[in-house]
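# Understanding the architecture of this molecule
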Amino acid sequence: MSYARDFTIGLREIQSFHLYLALRHWWKGILGFSLVAALVVWMYMFRLAPDSPPMAVAMVAVGFALVVTGVGTLSAAVTTIVQVRGRVRRSGQESYVQSIRIDGYGIHVVAGKKKAKLAFDRLFRVCETRGAFYLFLAENQAWILPKAQMEDREAECAQLREIFQTVVERRKLRLRKAK
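In this text, all values refer to a predicted model and were calculated from it rather than measured experimentally.

What counts and what doesn't
The residue numbering used here restarts from 1 in each chain and proceeds along that chain's sequence as written. In keeping with the predicted nature of the model, local features appear solely for residues at pLDDT of at least 70, side-chain atom pairs appear and are counted solely at 80 or more, and the whole-chain, interface and lining totals rest on all residues. Where side-chain values are given, they derive from all heavy atoms of the structure, hydrogens and water being excluded. A pairing counts as a salt bridge when a side-chain nitrogen of Lys or Arg comes within 4 Å of a carboxyl oxygen of Asp or Glu. Only runs of H or I of at least four residues qualify as helices and only runs of E of at least two qualify as strands under DSSP, and these elements are numbered from the N terminus. Accessible area is worked out with a 1.4 Å probe on protein chains only. A residue is then buried under 20% of its type maximum, exposed over 50%, and partly exposed in between. Side-chain rings of Phe, Tyr and Trp (the six-membered ring for Trp) are treated as a pair once their centres are within 6.5 Å; stacked means planes under 30 degrees apart, edge-to-face means over 60, and tilted covers the remaining angles. As a reminder, the over-ring test applies to NZ of lysine and CZ of arginine, requiring each to be within 6 Å of the ring centre and within 35 degrees of the ring normal. Any two residues whose heavy atoms approach within 4.5 Å at even a single point are treated as in contact. Only buried residues count toward a nonpolar core, which is a set of Ala, Val, Leu, Ile, Met, Phe, Trp, Tyr and Cys residues joined through side-chain atoms within 4.5 Å.

### Quick word on the pattern of salt bridges
As enumerated under the stated definition, the model contains 9 salt bridges in all. Its salt-bridge partner being glutamate 156, residue arginine 5 comes within 2.7 Å of it at the nearest N-O pair. With arginine 5 in strand S1 (residues 3-9) and glutamate 156 in helix H3 (residues 153-167), this pair connects stretches of sequence that are 151 residues apart. Accessibility expressed as a relative area gives 17% for arginine 5, which makes it buried.

This is the structure in structure tokens:
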């Protein structure tokens, strides 16, 4: 059981990865702010309009919480995208080719002049999103396997899921359900 492919990792893939990290990091804070916003609206609505029906107040509070959630998510996303774009421009490397081979011995990656080999038990985590597989080396460092660059997306995704479910500990896997 093996898998090999070359991927071109550019600004879009790097931004998607960092956006995934940022939203994974900030979701509890955004949810907390939303709940606080709903409670504040709930309390002030009853103070400002004591005769308001509770259902109307609840709807306004939920609406306000949704707005705060949207604004928080959007601001985290925009900030992350701008920061990543700036870092990529400063680095002078807009894109690079990442050759990856996964076999019974582990994961072998060549990116530019850098070569790396990692045994499956040394993987920090494997996550799958709608757009990519992320093979984490550490909390904030991963190899990116963009699904858009796969020739037969469904077959390759199924093959990668099967490989990872076979060789990676279950607690380290965050894979999507096969369609």
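### Quick word on the packing of aromatic side chains
How two aromatic rings sit relative to each other is given by the distance of their centres and the angle of their planes. Enumeration according to the criterion identifies 7 aromatic pairs in this entry. With a centroid separation of 5.8 Å and an interplanar angle of 45°, the aromatic rings of phenylalanine 17 and phenylalanine 136 are classed as tilted. Here phenylalanine 17, found in helix H1 (residues 11-48), pairs with phenylalanine 136, found in strand S6 (residues 132-138); they are 119 residues apart in sequence, far enough to count as distant. Centroid distance tyrosine 134 to phenylalanine 136: 6.4 Å. Interplanar angle 70°. Geometry classified as edge-to-face. Three or more aromatic residues link up through ring pairs in this structure, and these residues are Phe17, Tyr20, Tyr134 and Phe136. Positioned above the aromatic ring of phenylalanine 136, the side-chain terminus of arginine 125 is 4.8 Å from the ring centre. Just above the ring of phenylalanine 133 sits the side chain of lysine 147; from NZ or CZ to the centre is 5.3 Å.

### Focus: the environment of alanine 37
Following the sequence through the fold, alanine 37 ends up in helix H1. Classification of alanine 37 by relative accessible area gives buried; the value is 12%. Along the primary structure alanine 37 and isoleucine 107 are separated by 70 residues, whereas in three dimensions their C-alpha atoms are 46 Å apart. With sequence-adjacent residues up to four places away left out, alanine 37 is seen in contact with Phe64 and Val68.

### Things to note about the nonpolar core
With 33 residues, the main nonpolar core has Ile102, Ile107, Leu135 and Phe164 as its most contacted residues. Here this core gets 5 residues from one element, more than from any other, and that element is S6. Beyond its immediate chain neighbours, meaning those up to four positions away, phenylalanine 164 contacts Ile102, Val126, Phe133, Leu135, Leu173 and Leu175.

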